[in-house]
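Structural overview
Each chain, letter by letter, is given below.
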Amino acid sequence: MSDINNTVVFSASHEAVIDAKKAQAGYCHTSWSDSDLEAIRCHIRDFYKFEQVGKCAFCKQNVSTTSALNCHVEHVVPKSKHIDFMFTPKNLCVICADCNQIKREQETLGTIPNTIKRASRIRQYPRSSNAFKIVHPHFDIYDEHILVVNGYYLDKTTKGHFTIGACKLNRRLHEFGWEITNIDDDKVSETMNKYLEEKDPIKRVAYLDNLKRQIILT
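Owing to the predicted nature of the structure, the values given are computational and were not obtained by experimental measurement.

When helices and strands are counted, the chain shows seven helices and four strands. Sequence-ordered secondary structure for the chain, helices as α and strands as β, is α-α-β-β-α-β-β-α-α-α-α. When the 218 residues of the chain are sorted by exposure, 42% land in the buried category. Long-range contacts, defined here as pairs at least 24 residues apart, represent 60% of the contacts in the chain between residues at least 6 apart. Working note: accessible area of the chain is about 12300 Å², and carbon and sulfur atoms make up 52% of it.

Time to look at the pairing of strand 4 (residues 152–155). Two elements, strand 3 (residues 146–149) and strand 4, share four bridges in a ladder whose sense is antiparallel. Each residue of the ladder has a partner; that of Ile146, found in strand 4, is Asp155. In this antiparallel pair of consecutive strands, strand 3 and strand 4, the connection spans two residues, and Asn150 shows a positive phi of 55°.

Bringing the pattern of salt bridges into the picture now. The final tally for this structure, using the stated rule, is seven salt bridges. As a salt-bridge pair, Lys21 and Asp36 come within 3.1 Å of each other at their nearest N and O atoms. Residue Lys21 is found in helix 1 (residues 12–23), and its partner Asp36 is found in the loop between helix 1 and helix 2 (38–51); the two are separated by 15 residues along the sequence. For Asp36, a relative accessible area of 37% corresponds to the partly exposed category. One salt bridge in this structure joins Glu74 and Lys103, with 2.3 Å as the shortest N-O distance. You can see Glu74 sitting in strand 1 (residues 72–75) and its partner Lys103 sitting in helix 3 (residues 97–109), a full 29 residues away along the chain. The exposure class assigned to Lys103 is buried, which follows from its relative accessible area of 6%. Look at the salt bridges and you will find they share partners, linking Lys21, Asp34 and Asp36 into a network.

Let us now look at the layout of surface pockets. Within this model, the largest pocket holds a volume of roughly 440 Å³. For the largest pocket, the lining is made up of 20 residues, of which Trp32, Val73, Lys79, Asn100 and Arg104 are closest to its centre. Secondary-structure elements contributing two or more residues to the lining of the largest pocket are helix 2, strand 1 and helix 3. In terms of residue count, helix 3 provides more of the lining of the largest pocket than any other element does, five residues in total. Counted by class, the lining of the largest pocket contains six nonpolar, seven polar and seven charged residues. Grouping the constituent residues of the lining of the second largest pocket by class yields four nonpolar, two polar and three charged.

Below, the discussion takes up the pairing of strand 1. Every second residue of strand 1 is oriented toward a common face, with His72 and Glu74 on one face and Val73 and His75 on the other, all of them buried. Pairing of strand 1 with strand 2 (residues 92–95) involves four bridges; the strand directions are antiparallel. Residue pairing in the sheet places His72 in a bridge with Ile95 of strand 2.

Now for unusual backbone geometry. In this structure, Val53 is a non-glycine residue whose phi angle is positive, near 55°. Note that Val53 resides in the loop between helix 2 and strand 1. Residue classification places Val53 among the exposed residues on the basis of a relative accessible area of 67%. At Lys168, a residue that is not glycine, the phi angle is positive and equals roughly 50°.

With that settled, the discussion passes to the nonpolar core. Counting 43 residues, the largest nonpolar core has Phe10, Ile44, Cys56, Phe58, Cys99 and Leu169 as its most contacted members. Counting residues per element, the ones that place at least two in this core are helix 2, strand 2 and helix 4 (158–166). The residues touching Phe10, leaving out its near neighbours within four places in the chain, are Glu15, Ile18, Ile40, His43, Ile44, Phe87, Pro89 and Leu92.

So, on to the packing of aromatic side chains. For the coordinates displayed, the defined rule picks out five aromatic pairs. The interplanar angle of 45° and the centroid separation of 5.7 Å between the aromatic rings of Trp32 and Phe87 together place this pair among those described as tilted. Placement of the pair is Trp32 in the loop between helix 1 and helix 2 and Phe87 in the loop between strand 1 and strand 2, with a sequence separation of 55 residues. A centroid spacing of 5.7 Å and a plane angle of 45° characterise the contact between Tyr125 and Phe132, whose relative ring orientation is tilted. The pair Tyr125 / Phe132 is uniform in exposure class, with both members buried. Counting every residue linked through ring pairs, the aromatic cluster contains Phe85, Tyr125, Phe132 and Phe139. A cation over a ring is seen here: Lys60 above Tyr142, with NZ or CZ 5.0 Å from the ring centre.

Reading the values: rules and limits
Residues numbered from 1 in each chain as written. Predicted model: local features only at pLDDT ≥ 70, side-chain atom pairs only at ≥ 80, totals over all residues. Heavy atoms only, no water. Helix = DSSP H or I, 4+ residues; strand = E, 2+ residues; numbered from the N terminus. Buried < 20%, exposed > 50% of the residue type's maximum accessible area, 1.4 Å probe, protein only. Contact = heavy atoms within 4.5 Å. Areas by Shrake-Rupley, 256 points an atom, 1.4 Å probe, with all protein chains shown as cover. Pairing = 2+ DSSP bridges. Salt bridge = Lys/Arg side-chain N within 4 Å of Asp/Glu carboxyl O. 1 Å grid on protein atoms, 1.4 Å probe; cavity = no way out; pocket = protein on both sides within 12 Å on 5 of 7 lines; lining within 4 Å. Points joined across faces, edges and corners; volume = space filled by probe spheres on them. Nonpolar A, V, L, I, M, F, W, Y, C, P; charged D, E, K, R; others polar. Core = buried A, V, L, I, M, F, W, Y, C linked by side-chain atoms within 4.5 Å. Phe/Tyr/Trp six-rings, centres within 6.5 Å; stacked < 30°, edge-to-face > 60°. Lys NZ or Arg CZ within 6 Å of the ring centre and 35° of its normal.

Next comes the structure, spelled out in structure tokens:
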């Protein structure tokens, strides 16, 4: 199961507005902000903020459930690079204000990373995780690629590494440096004993992962 299991559905009236927008002279990725698309943007935002249980697709911090200021519609494949996917449901999700600002600044500078492998060949929106460089909320399970410990982001896969870099997820580290926390020796010892005593390999992995979370970055 991926992080997002359902996609937004557009009504007939939504589709009519989208088709009319695409037919307009000067249609481009900046058309996304036009006033006649406001209702569609709200529809997308409202759907995905609940589908994602109020979590940003990239940093997993809370997005606002009431204000659009901290709940932005995100195009996983940048609309400036692939305008054909601007309204593709699987290309849409919501992200927090910080992630949105970072992605927007990169797009403004023309340095935003392309999230698709072999992007120059793409004609239809990819249908599998393997086609993407980024951790894709519609195709991937976030925790399989990125480990979040005490607010810091550690890559578990190449895709996790790309996502952390593209979204600058360790921005707190870069801004404020390491934050030293205390290790609970008794808790670590208890978890270690459970790990050593456990015979089930799946449970051993879970205990080991728990240990990492208790002692890493402290």
